[in-house]
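# Coordinates in review
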Amino acid sequence: MEDEHFEELVSEALDEIPRELARAIDNVVVLVEPRHEEEPDLLGLYQGVALTERDSHYAGSLPDTITIYRDAILDICESDEDVVHEVLVTVVHEIAHYFGIDEERLHQLGWG
């Protein structure tokens, strides 16, 4: 899959986030990288301060980042449909971390 097409899938997944939640997302950058160097099988990563943990000291902070790892996702998918699904799941999963939802709860909700 071409890099540009994969990035479009990430953009489309972001468009699937309900408006009420999308409006609440602030100071977050979404990136697409080939692979996480230390954990090559990692599909996505949220780095930052979850919305539930922010306080007055957060003001002026650099943006949080959500990184989607293209090659790791492509490695586990057998078809383009699988890629579309996995990108959506990964994007939702990482955005949920922004909102303070932990791994256990994400798995309970089916987004693990």
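Summarised in this report is the structure supplied together with it. In this text the structure is predicted, and so the values were computed from the model without any measurement. (Residues numbered from 1 in each chain as written. Predicted model: local features only at pLDDT ≥ 70, side-chain atom pairs only at ≥ 80, totals over all residues. Heavy atoms only, no water.)

## What to know about the packing of aromatic side chains
One pass over the full model with this rule turns up 2 aromatic pairs. Grouping aromatic residues by their ring pairs yields a cluster made of Tyr46, Tyr98 and Phe99. (Phe/Tyr/Trp six-rings, centres within 6.5 Å; stacked < 30°, edge-to-face > 60°.)

## Let's talk about helix 4 (residues 80–98)
Between its first and last C-alpha atoms helix 4 spans 27 Å; for 19 residues at 1.5 Å apiece the expected length is 27 Å, and the two agree. Positive backbone phi, at 90 degrees, marks Gly100, one or two positions downstream of helix 4. (Helix = DSSP H or I, 4+ residues; strand = E, 2+ residues; numbered from the N terminus. Expected span 1.5 Å × (residues − 1).)

## A word on the pattern of salt bridges
A full pass over the atoms with the stated rule returns 3 salt bridges. As a salt-bridge pair, Arg35 and Asp75 come within 2.9 Å of each other at their nearest N and O atoms. In this pair, Arg35 sits in the loop between strand 1 (28–33) and strand 2 (44–47) while Asp75 sits in helix 3 (residues 70–76), placing the two residues 40 residues apart along the sequence. By relative accessible area, which is 31% here, Arg35 ends up partly exposed. What makes Asp75 exposed here is its relative accessible area of 52%. Notably, a salt bridge pairs Arg70 with Asp71, separated by 3.4 Å at the nearest N-O pair. With relative accessibility at 9%, the residue Arg70 sits in the buried group. (Salt bridge = Lys/Arg side-chain N within 4 Å of Asp/Glu carboxyl O. Buried < 20%, exposed > 50% of the residue type's maximum accessible area, 1.4 Å probe, protein only.)

## Structural notes on the pairing of strand 2
Residues Gly44 and Tyr46 point to one face of strand 2 and are all buried, whereas Leu45 and Gln47, pointing to the other face, are not buried. Judged from the 4 bridges that link them, strand 2 and strand 3 (residues 64–69) form a sheet pairing that is antiparallel. Among the inter-strand pairings, Leu45 is bridged to a residue of strand 3, identified as Thr67. (Pairing = 2+ DSSP bridges.)

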